[in-house]
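Okay, here's what each chain looks like letter by letter:
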Number of protein chains: 2
Amino acid sequence: MTASRPYSQIIERIRHAGLRPTRQRLALAKLLFDNGNRHVTAEILHGESLNHGISVSLATVYNTLNQFTTAGLLREIVVNGDRSYFDTNTTQHHHFYHTDSGHLEDIAGDDVVMERLPAAPSGMEIERVDVIVRVSPT
Amino acid sequence: MTASRPYSQIIERIRHAGLRPTRQRLALAKLLFDNGNRHVTAEILHGESLNHGISVSLATVYNTLNQFTTAGLLREIVVNGDRSYFDTNTTQHHHFYHTDSGHLEDIAGDDVVMERLPAAPSGMEIERVDVIVRVSPT
DNA sequence: GTGATTGCAAATCTTTTGCACTAAA
DNA sequence: TTTAGTGCAAAAGATTTGCAATCAC
């Protein structure tokens, strides 16, 4: 169990990202950031919201996830064309992807070490490196 | 310029994958495998087919790409939720992804070396490791 | 009040599917 | 022939968008 964060802190966080702390952004942020590191899809988050009695449309969930991602509060992860995952852990780290269940699992940042990385093509700079380890049941 | 492969070789390749060498599969295979390593989307391949006077429906292009992928002739790469890329290079290697243009570029297999890789979660085995280096203009 | 945000439904886009037709073996 | 493969249009999903209503400031 993660201790519940005071609302003021979440409000501050949203405001700091340049967004108005509206009722739904607050509620979604609370679900996202008050429960440790999470990997959610829009659909999952929408379902949770409804379960918590928070009335919010799926479109708003999508918009909010995108805004949070642009603001650097979330990180988008694409492992299969079907749907996008949003990761509340924005620090440098990688993932296991369970191909059977679609489940995503963090790999601690220093459990993957690159011995060599190629230079970016000329005129380009490296934005980020994603490592996805696809695993399936033995 | 890659030398054009004789048809017989392509036919054999398709047959070996357990698929009938139909007119459209042959034509698509020729476009795919006769031009070096390629990263194509269904849309791109469909467009090329039409340009070459090969009448084939987009649905068939999708079906064929999936069949080739299942048969191990292609490898699917997902870098962004918008569309899937299919890579004619099925050997172990990684990619640069140009986030501005959507362009994919191979990184030679041994230009990325993993110093450490975590063990797969228990009961799981590693299927494949994908490294995507996202780059953007400086 | 005023402009940002939301909700909803409709629109979009990619990919898959059902089924009658065609072609490979 | 017999069975797999194709084309088309329709279906299915995920995500985005337009616009009137609502809310934060």
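Colleague: How would you sum up the relation of the copies chain A and chain B? Please name residues and give values.
Modeller: Note: a rotation about an axis with an accompanying shift along it relates these two copies of the chain. Note on the copies: chain A fits chain B at an RMSD of 0.1 Å, the axial shift is 0.0 Å, and the rotation between them is 179 degrees. In short, the pair behaves as if placed about a two-fold rotation axis. Interface overlap between copies: 100% of the residues of chain A at the interface are likewise at the interface in chain B, consistent with a symmetric, same-surface contact.

Colleague: Requested: an account of the sheet that holds strand 7 (residues 124-137) of chain A, with residues and values cited.
Modeller: Sheet architecture is open: 6 strands sit in the order 5(A)-4(A)-7(A)-7(B)-4(B)-5(B), paired in mixed fashion. Either end of the sheet is taken by a strand with one partner, and the two such strands are strand 5 (104-107) of chain A together with strand 5 (104-107) of chain B. Taking the axes of each pair of neighbouring strands and ignoring which way they run, one obtains an average angle of 30 degrees across the sheet. By the bridge criterion, 4 bridges tie strand 4 (residues 94-98) of chain B to strand 7 (residues 124-137) of chain B in an arrangement that is parallel. Within strand 7 of chain B, the residue paired with Tyr 97 of chain B across the bridge is Arg 134 of chain B.

Colleague: Give a description of the protein's contact with DNA strand C that names residues and reports values.
Modeller: Close to DNA strand C lie 19 residues; Thr 22 and Thr 60 of chain A together with Tyr 62, Asn 66 and Ser 84 of chain B are nearest. A breakdown of the atoms of DNA strand C within 4 Å of the protein gives sugar and phosphate a share of 80%. With respect to DNA strand C, the side chain of Thr 60 of chain A contributes an N or O atom lying 2.5 Å from a phosphate oxygen. Between DNA strand C and Asn 66 of chain B there is a distance of 2.9 Å, counted from a phosphate oxygen to a side-chain nitrogen or oxygen. Those elements that provide at least two residues to the surface near DNA strand C are helix 2 (23-33) and helix 4 (58-70) of chain A together with helix 4 (58-70) and strand 3 (83-87) of chain B. A total of 4 residues in the surface near DNA strand C trace back to one element, the largest contributor, which is helix 4 of chain B. Here the residues of the surface near DNA strand C sort into 5 nonpolar, 8 polar and 6 charged.

Colleague: Requested: an account of the pairing of strand 7 of chain A, with residues and values cited.
Modeller: If a strand is regular, its side chains alternate between the two faces of the sheet. Across 13 bridges, the pairing between strand 7 of chain A and strand 7 of chain B is antiparallel. Considered in strand 7 of chain B, the bridge of Met 124 of chain A is made with Pro 137 of chain B.

Colleague: Which residues make up the protein's contact with DNA strand D, and what values do they have?
Modeller: Around DNA strand D, 20 residues are found, and the nearest of them are Tyr 62 and Asn 66 of chain A together with Thr 22, Arg 25 and Thr 60 of chain B. The sugar and phosphate moieties of DNA strand D supply 81% of its atoms located within 4 Å of the protein. Within the contact set of DNA strand D, a phosphate oxygen lies 2.4 Å away from a side-chain nitrogen or oxygen of Tyr 62 of chain A. Note that a phosphate oxygen of DNA strand D is positioned 2.4 Å from one of the side-chain N or O atoms of Thr 60 of chain B. Of all the elements in the fold, those that place two or more residues in the surface near DNA strand D are helix 4 and strand 3 (83-87) of chain A together with helix 2 (23-33) and helix 4 of chain B. Take the surface near DNA strand D: its biggest share by element is 4 residues, from helix 4 of chain A. Its residues assigned to classes, the surface near DNA strand D comprises 5 nonpolar, 8 polar and 7 charged.

Colleague: Break down the domain arrangement of chain A for me, with residues and values.
Modeller: Residues and elements named next belong to chain A. For chain A, the assigned domains read domain 1 (1-89) and domain 2 (91-138). The C-alpha centroid of domain 2 is placed 23 Å from the C-alpha centroid of domain 1. Contacts between the two partners involve 11 residues from domain 1, matched on the other side by 14 residues from domain 2. Interface area for domain 1 against domain 2, summed over the two sides, is near 1,000 Å², with a carbon-plus-sulfur share of 44%. One can count 1 salt bridge joining domain 1 with domain 2. Its salt-bridge partner being Arg 75, residue Asp 130 comes within 3.4 Å of it at the nearest N-O pair. For the interface between domain 1 and domain 2, the tally reads 13 residue pairs in polar contact (both at pLDDT 80 or more).

So, how was this worked out
- Residues numbered from 1 in each chain as written.
- Chains lettered and ligands numbered in written order.
- Predicted model: local features only at pLDDT ≥ 70, side-chain atom pairs only at ≥ 80, totals over all residues.
- Heavy atoms only, no water.
- Least-squares fit on C-alpha atoms with pLDDT ≥ 70 in both.
- Contact = heavy atoms within 4.5 Å.
- Pairing = 2+ DSSP bridges.
- Helix = DSSP H or I, 4+ residues; strand = E, 2+ residues; numbered from the N terminus.
- Axes fitted to C-alpha atoms, helices over the stretch in contact; angles between N-to-C directions.
- Near = heavy atom within 4 Å.
- Polar contact = N/O pair within 3.5 Å; in protein donor to acceptor, adjacent residues only side chain to side chain.
- Nonpolar A, V, L, I, M, F, W, Y, C, P; charged D, E, K, R; others polar.
- Domains from an automatic or database assignment.
- Buried area = accessible area lost by both parts, 1.4 Å probe.
- Salt bridge = Lys/Arg side-chain N within 4 Å of Asp/Glu carboxyl O.

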